[in-house]
Each structure stands twice: as structure tokens, then as C-alpha cells.
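Close look at the chain arrangement
Each chain, written out:
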Amino acid sequence: MKKALAMSLVLITCLALVLSACGGNNGGGGNQAPANETGNASPDNTDAPADEAGEEGGTAADAPKETVTLKWATWMSPEESDRYIKAFEATHPNIKIVKDTAVDWPWNEKLSAVAAAGELPDVMWTFGVPFAAANGWLEDLTPYLNNDDEYGQGKTFKNLDATANYDGKQYALPHSLFLFGINLNLDLFEKENVPVPPMNWTMEDMRDAAVKLTKFNDQQFGMSNVAALRETLPAQIDSNLQWNTWDGEKFNFTSPAFKQATDFVDELMYSDKVTYDIYKPEEIQQWFGKDQWPWMLGKVAMQYDGTWSIGGNAQNAKFKWDIRPVPAGDGGQKIPMVTDYVGMSSSSKYKEEAFEFIKWLTFSKEGWMQRLQPEWPLGSVPLVNDEEVWNLYLGREDMPEGMKEMVKMIPDGFTDLLKWLPGYQTALDTVFGPTMKDVTERKVKVEDVAADLEKRMNDTYQSANDQLNAAAK
């Protein structure tokens with residue numbers, strides 16, 4: 001698939017779906033304006049410490065490395081970012097990292113502002129790789145990766161790396177990975193004498209369990225967050241599809257798989273009534289209390305969610321729980337994934353050092369071994385396929401048993417389009433969101449709007465490609 005390099009209007013409201021829960025000397029960023037964006041919206045080698053100072057009269061190679069300071073734009077909390085900085089600097093004493101507080105939400109708007117001021121950070125989180133790349137803010141990482149022995153061992157997940165590769169240029173790398181699955185309240189399964197589903201369960205298995213586990217008079221529901229399954233179930237029904245009917249080149253909302261998935265979700269919600277999602281906010285508050293989460297109260301048997309929920313479940317859930325992948329359909333069983341990205345400023349004066357930090361954040365075994373220590377809160381799924389890293393990750397006390405099988409599905413999984421597909425953020429806001437709102441509210445039938453939805457989604461994508469191809473010339 002030929003990918004373009006741009007993004008239109010940013011959906012800041014989409015951040016909740018994908019976030020877990022997200023120096024002195026900088027080369028500047030030029031004064032270019034954004035291309036088409038308002039801005040609102042396993043490796044055995046490890047990084048080595050800098051060389052110690054050589055004896056008097058030694059060679060230049062014996063001299064200590066110059067200490068440089070890199071600015072890093074991240075939406076991590078101060079506590080999280082400080083933890084990362086301290087760990088990185090401990091093994092890279094010649095590189096100092098300073099969090100760039102000028103870049104905050106709305107992310108692309110603030111990134112545009114610092115770029116216009118010539119103050120781009122050396123290393124930056126991106127909320128839309130094409131947008132940042134199209135404006136010339138991101139360095140192509142390909143030459144650095146080609147010269148890195150650790151990356152050359154091929155232990156990253158190439159299907160994930162490829163999402164931020166456009167026409168052979170690697171403009172960013174995933175720094176965080178989350179899997180979508182179904183959290184199970186095992187106590188409710190036991191209470192209602194419903195068998196706990198196996199890893200290879202089916203859509204009908206899920207529906208059957210949801211119906212049996214729903215007890216409306218007790219305000220107990222079989223599922224929650226059901227509507228979001230519309231974006232990932234088509235890929236389980238038709239193996240040619242990925243996230244939201246994307247097939248690698250275009251959207252396919254006229255596919256029978258999309259209608260089947262939408263009808264399946266509609267029946268769960270409105271016929272089987274297995275979820276509290278369909279009720280009015282005041283009813284939900286009356287049942288569960290103000291600002292209460294029914295899942296954490298033990299009133300939901302199955303919660304569709306990302307693996308960013310594992311830490312909170314382990315810490316706060318007062319019931320036994322586990323996780324399963326999204327159930328299989330006629331097209332098999334594939335894992336939906338969410339990735340966040342980091343890139344290097346094309347204007348950084350310290351590109352070698354910036355790459356070392358990016359490496360530590362993304363594919364360095366040293367970096368992953370450090371952040372998987374028990375005292376670190378559980379975050380991203382590892383992005384390097386290394387036995388020692390996996391043993392450390394899966395061996396944590398807060399790790400649900402089902403994750404041991406789910407991580408095996410990563411190489412064949414498919415990724416949320418939000419942060420890497422040109423035009424998708426705009427399409428979500430102006431096309432998909434309003435259309436599916438009408439479907440959810442039963443104002444229209446999906447079969448009556450599918451063709452128009454498909455055309456407008458593909459037109460938005462193609463327009464983004466055309467604009468960005470022109471900007472890249």
C-alpha cells in the first residue's frame with residue numbers, strides 16, 4: 001500500500017480511546033505552517049554507557065563524550081516521564097533529557113506553535129504521524145535503523161513498524177502497544193453457573209454468555225462498551241478486513257461483514273439488552289451512584305476494553321477477573337491493537353543522541369527490561385519479541401492469565417487507524433462519527449447509509465493522500 005504523509009483535523013476527543021491511560025540545545029523547527037491541519041483536534045545487545053575519560057595523552061576515542069541536552073515532548077504524567085528520564089540517563093550519562101512543557105493539549109496545535117517558533121523538541125510523541133511528517137518535522141529514521149545492530153536482529157513487530165512507514169521512510173516508531181480484548185468478571189460467571197469461555201471462543205459464545213449473565217432486576221449486565229465492537233468485529237468475520245473495514249487500500253462499509261457486525265451489535269444492545277449503555281444517564285446514576293463505574297463495582301460480566309485497564313483492574317477490582325481476545329467469527333480471530341508513536345525532529349542538532357533515546361523508548365531490550373521491573377506500573381505491551389522480556393512481562397503478579405495467549409496473536413493483529421492513516425481523524429469526526437450516531441440511535445439503517453459512508457470515508461482518505469503527495473514534491 002502506498003501511504004501518504006498527512007493528516008487533517010485532529011480529534012482530540014478520540015484520545016480517551018487509545019490512551020492508557022500518555023533542553024537547552026535544540027536545533028529549532030523552521031517557520032513552516034502546517035500543511036493541512038488546524039491543530040485542534042530479542043536483542044541481546046544493550047546500550048552502553050558513555051566512555052570514561054581516558055588517561056592524559058590518550059586518543060580522541062578515549063575522551064569523554066560531550067554532554068548534550070534533548071527536549072522531549074510527551075503526554076506522560078510528570079511522575080511517569082521523570083521515571084523514564086532517570087532510568088535512561090543512568091546508562092547514558094552524556095545525554096540529558098528535559099521534558100518540553102510547551103507541547104501539551106491540544107497536541108497538534110501546540111506542536112504547530114513550537115514549530116512556527118523554531119523550537120521543535122528533539123524527540124516528540126505524535127498524535128498523527130502523517131500530519132507531523134507532512135510538515136517536515138520528522139526525520140526519516142531509516143538510515144539510523146539500518147545501521148543499528150539491535151534493530152537488525154529483527155525482533156520488533158514489523159506489522160507495527162510498517163504503520164508509520166510511508167514510501168519506504170520510517171518517520172516514527174511505536175513506543176507503546178495496547179491490545180483490545182474482553183475483560184471477564186470470573187466471580188459473576190461462577191455465580192450464574194456460566195462456563196468461562198476459552199481463548200478461541202466465538203461471537204455466538206459471547207452473545208450466549210452475555211444473555212445468561214444479564215439480570216436486569218439486579219442491575220447486573222452481561223456486557224458494556226458494546227457499540228465499539230462495530231470497528232473490530234468486521235475483521236473477525238472477513239479475514240481480508242482490518243480496523244473499521246480498512247483492507248490496506250480502502251474502506252469497505254458495503255462489505256457484508258460490516259452489516260453482519262453492526263446487526264450483531266445492534267441485537268446485543270437493543271434486542272438482548274445485555275448492556276447498560278442503552279439507558280439514560282440518570283437511570284444509570286440511580287442504579288450505580290454518581291461517578292461510579294459499573295465494571296469496577298462488579299455489576300458487569302464482560303467489559304470490552306484495552307489492556308491499559310490491566311493495572312487498574314489489578315489494583316482496584318474486588319473480584320476475580322481475566323481477559324480474552326475479541327471472539328472469532330467466520331474469518332477467524334485477530335487481535336485489535338492500539339499504538340502510540342515517537343519521532344525525531346528533523347531540525348535537531350543532536351540526531352545521534354536523539355536516536356539513542358528513541359531506541360531506548362521503542363526497541364531496546366535494555367529499555368524494556370528496565371520498565372518491566374516490579375516497581376514500575378504496568379504500561380505498554382513489549383515491542384520487542386525477546387524471550388527474557390516476555391518472561392519478565394508475563395511473569396508479573398498483576399498479569400491476567402489470558403494475556404499469555406493474547407500476546408501470541410500480535411504478529412497477525414491489526415492496528416487502530418487513528419494515529420497513522422492519512423485523513424482518518426477528519427473522517428472520524430465528519431463522516432463515520434455522525435453516521436454511526438444515527439445508526440446507534442436507530443434513525444437510519446446501516447444498509448441504507450453504507451454506500452455513502454464508504455464513498456465519503458474513501459474520498460477523505462484519498463484527498464489527504466493527494467494533498468500530501470503534492471506537499472512532498
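My aim in this report is to walk through the structure given alongside it, one point at a time. Here the structure is a predicted model, which means the values were calculated and not measured.

Parameters at a glance
As a convention, each chain's residues are numbered from 1 in the sequence order in which they are written. In view of the model being predicted, local features appear only for residues whose pLDDT reaches at least 70, and side-chain atom pairs are presented and counted only at 80 or more, with totals across whole chains, interfaces and linings using the full set of residues. To get the side-chain values, all heavy atoms of the structure are used, and hydrogens and water are removed first. By the criteria applied, helices consist of DSSP H or I runs no shorter than four residues and strands consist of E runs no shorter than two, each listed in order from the N terminus. Partly exposed describes any residue whose relative accessible area lies between the buried limit of under 20% and the exposed limit of over 50%, with all areas from a 1.4 Å probe on protein chains only and scaled to the type maximum. Using a 1.4 Å probe, the Shrake-Rupley method yields the accessible areas, and only the shown protein chains count as cover for residues. Charge assignment: positive for Lys and Arg, negative for Asp and Glu; neither His nor the chain ends contribute. Salt bridge, as used here: a side-chain nitrogen of Lys or Arg that lies within 4 Å of a carboxyl oxygen of Asp or Glu. Here a polar contact is recorded for every N or O atom pair within 3.5 Å, except that within protein the pair must consist of a potential hydrogen donor and a potential acceptor, and residues adjacent in sequence are included only if both atoms are side-chain atoms. Two residues form a contact once any of their heavy atoms are found within 4.5 Å. The criterion for strand pairing is that DSSP finds at least two bridges linking the strands in question. An expected span of 1.5 Å times one less than the residue number is assigned to each helix. Here a cavity means grid points, on a 1 Å grid over the protein atoms only, where a 1.4 Å probe fits yet cannot get out; a pocket means an open set of points with protein on both sides within 12 Å along at least five of seven lines; lining residues are those with an atom within 4 Å of a point. Grid points are joined across faces, edges and corners, and a volume is the space filled by probe spheres set on the points. Each residue gets one of three labels, nonpolar for Ala, Val, Leu, Ile, Met, Phe, Trp, Tyr, Cys and Pro, charged for Asp, Glu, Lys and Arg, and polar for the others, Gly among them. Two rings from Phe, Tyr or Trp (for Trp, the six-membered ring) form a pair when their centres are within 6.5 Å of each other. A pair whose planes differ by under 30 degrees is stacked, one over 60 is edge-to-face, and the rest are tilted. Whether a charge sits over a ring comes down to the Lys NZ or Arg CZ being within 6 Å of the ring centre and within 35 degrees of the ring normal. Only the stretch in contact is used when a helix axis is fitted, and all axes are lines through C-alpha atoms; the angle between N-to-C directions ranges over 0 to 180 degrees. Angles are sorted into four bins: roughly parallel if under 35 degrees, roughly antiparallel if over 145, roughly perpendicular if 65 to 115, and oblique for all others. Helix crossings are classified by the rotation of the near helix relative to the far one: an anticlockwise turn of less than a right angle makes the crossing left-handed, while a clockwise turn makes it right-handed.

A few points about the overall build of the protein chain
- Of regular secondary structure, the protein chain possesses 19 helices and eleven strands.
- In the protein chain, which comprises 473 residues, the proportion classed as buried is 56%.
- Within the structure as shown, the protein chain displays about 19,600 Å² of accessible surface, and the carbon and sulfur contribution to it stands at 47%.

Remarks on the side chain of K334
- Mapped onto the elements of the fold, K334 is located in the loop between strand 9 (321-325) and strand 10 (336-344).
- At 7.1 Å, D238 is the nearest oppositely charged side chain to K334, a buried residue that forms no salt bridge.
- At 3.1 Å, the side chain of K334 and the backbone oxygen of S239 are in polar contact.
- Polar contacts involving the side chain of K334 include one to the main-chain carbonyl oxygen of L241, which spans 2.7 Å.
- With near-sequence residues (within four places) excluded, K334 lies in contact with A235, Q236, D238, S239, L241, M409, D412 and F414.

Structural notes on the pairing of strand 6 (residues 173-185)
- Across the 13 residues that make up strand 6, a large majority, 13, are buried.
- Where strand 6 and strand 10 come together, six bridges link them in antiparallel fashion. Looking at the pairing, F178 lines up with V338 of strand 10.
- Both strand 6 and strand 8 (residues 300-306) contribute to a ladder of five bridges, which runs antiparallel. Across the sheet, G181 pairs through a bridge with D305, a residue of strand 8.
- Bridge count between strand 6 and strand 9: five bridges; the pairing is antiparallel. Paired with I182 across the bridge in strand 9 is R324.

What about helix 11 (residues 256-271)?
- Compared with an ideal rise of 1.5 Å per residue, which puts 16 residues at 22 Å, helix 11 spans 21 Å between its outermost C-alpha atoms and is within 8% of the ideal.
- Taken residue by residue, helix 11 has A257, F258, A261, T262, F264, V265, D266, L268 and M269 as its buried positions.
- Phi for K273, located one or two positions after helix 11, is positive at around 50°.

Overview of empty space enclosed by the protein
- Taken as a whole, the largest cavity holds about 60 Å³ of empty space.
- Taken together, T156, F157, L160, D161, L173, P174, T362, F363 and L383 make up the full set of residues lining the largest cavity.
- Of all the secondary-structure elements, those providing two or more residues to the lining of the largest cavity are helix 7 (158-161) and strand 6.
- Residue composition of the lining of the largest cavity, grouped by class: six nonpolar, two polar and one charged.

Remarks on the packing of aromatic side chains
- Applying the stated criterion to the full structure yields 39 aromatic pairs.
- Their ring planes at 80° and their centres at 5.3 Å tell us that F131 and W137 sit as a pair that is edge-to-face.
- Accessibility expressed as a relative area gives 1% for F131, which makes it buried.
- Between F355 and F363, the aromatic rings sit 6.3 Å apart at their centres with planes inclined by 50°, giving tilted as the arrangement.
- On the basis of relative accessibility, which here comes to 4%, the residue F355 falls in the buried class.
- Through pairs of rings, three or more aromatic residues link up here, namely W72, Y84, F88, W125, F357, W360 and W376.
- The ring of Y151 is capped by K158, whose NZ or CZ atom sits 4.0 Å from the centre of that ring.
- Lying across the ring of W360, R371 places its NZ or CZ 5.1 Å from the centre.

Quick word on the packing of helix 2 (residues 78-91) against helix 14 (residues 351-362)
- At a minimum axis distance of 11 Å, the contact between helix 2 and helix 14 shows a crossing angle of 120°. Regarding the angle of helix 2 to helix 14, the classification is oblique. Here the hand of the crossing between helix 2 and helix 14 comes out right-handed. Here helix 2 contributes Y84, A87, F88 and T91 to the contact with helix 14, which in turn contributes E356, F357, W360 and L361.

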